[in-house]
Amino acid sequence: MTHNPKASSNKKLHCIQWHSKIITDEIMNSQLIPTEELSSLDIEAMYLLLSKHFQGVERDVFNADLNHKNWVILIKDSKTNQLKGFSTLLFYNTDFTGEDISIVYSGDTIMDPSAWSSSTLSRTWIDSVNKLRTEYSQGKLYWLLICGGYRTYRFLPIFWQEFYPRYDVATPPDIANFMEYLAQERFGKNYNPISGVVSFSHPHILREGLRGVPQERLTDPHIEFFDRMNPGHLNGDELVCLTEISETNLTPAGKRMWFASVSSSPAIKNSTLRIPA
């Protein structure tokens, strides 16, 4: 996913103490850390991994985007320590129609195909966002997600009961207005409020073998809907999506991930971070 390097807030930043978790299984290690604590080697590995699977990844755009995120999840091979995936996040607080709300916005995200069989990214993402929700939310927490591929969009119905847009329920007017507000704030002129699609000037386009929707997958109504609503995904267009992050909105699969993460006891690494106030 490619993103407009726009600051999340003009408000003053403040520092809060955070404990970054390292989750380990037999295949992968995963860790949530503040972006300001990334090593130069990690940043280089992130750029190379993204470039390997996407066309159009420009280093200055990548760096600017990373500078406007405050978290990153790193997934590494537990034996070789090679980076296998990552997801950048922006957690920020805002308000809409007088209500204080919190947003987690997913930035660049990639898993190497060799690690697709691992659930580490999903598990770590849910665990990390749950911790952010507990520590920092100023009200309801929403996931702002832009989907340039059907695999990303498919995470929504797997883990969340209510999300928008979707094939079987029209987006309620209040949610549609909220989505438009967030998208206009985040993507500006790159966002088309009629189609609900973001078209970046420097899009990331999946390379051959990864982009497109296999014909047999179009029998899935969620995937068919994504393909229909975002016909320009082959050229890097992204569909704006939203869901509330709460325990009551989880599917059974989401609850298994949620409670498995809560009950785990990973190693702890102390760090200091800055988030938008």
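Just above, that's the structure.
Reading the values: rules and limits
- Residues numbered from 1 in each chain as written.
- Predicted model: local features only at pLDDT ≥ 70, side-chain atom pairs only at ≥ 80, totals over all residues.
- Heavy atoms only, no water.
- Helix = DSSP H or I, 4+ residues; strand = E, 2+ residues; numbered from the N terminus.
- Buried < 20%, exposed > 50% of the residue type's maximum accessible area, 1.4 Å probe, protein only.
- Contact = heavy atoms within 4.5 Å.
- Areas by Shrake-Rupley, 256 points an atom, 1.4 Å probe, with all protein chains shown as cover.
- Axes fitted to C-alpha atoms, helices over the stretch in contact; angles between N-to-C directions.
- Parallel < 35°, antiparallel > 145°, perpendicular 65-115°, else oblique.
- Left-handed = near helix turned anticlockwise from the far one by under 90°.
- Nonpolar A, V, L, I, M, F, W, Y, C, P; charged D, E, K, R; others polar.
- Pairing = 2+ DSSP bridges.

Give me the overall build of the protein chain: which residues, what numbers.
Of regular secondary structure, the protein chain possesses seven helices and 12 strands. For the protein chain, the residues scored as buried account for 53% of the 277 residues in total. Partitioning the contacts of the protein chain with sequence separation of at least 6, the portion at a separation of at least 24 is 75%. Roughly 12600 Å² of accessible area belongs to the protein chain as shown, and the carbon and sulfur atoms make up 52% of that amount.

Please set out the packing of helix 1 (residues 40-53) against helix 2 (residues 59-67) residue by residue, giving values where relevant.
Following both chains from N to C, one finds helix 1 and helix 2 inclined at 125 degrees, their axes separated by 11 Å at the closest point. What the angle tells us is that helix 1 and helix 2 run oblique. Considering how the two elements wind past one another, helix 1 and helix 2 form a crossing that is right-handed. Only R59, F62, N63 and L66 of helix 2 make contact with helix 1, whose side of the interface consists of I43, E44, M46, Y47 and L50. For the contact of helix 1 with helix 2, the residue count by class is six nonpolar, one polar and two charged.

Talk me through the pairing of strand 7 (residues 140-147); I want residue IDs and the actual numbers.
Burial analysis of strand 7 places seven of its eight residues in the buried class, which makes it a mostly covered element. Bridging between strand 6 (residues 99-111) and strand 7 involves five bridges; their strand directions are parallel. Bridging from a neighbouring strand, Y105 pairs with L144 of strand 7. In terms of strand pairing, strand 7 meets strand 11 (residues 238-244) through six bridges, oriented antiparallel. In the sheet register, C147 faces strand 11, and the bridge partner there is L239.

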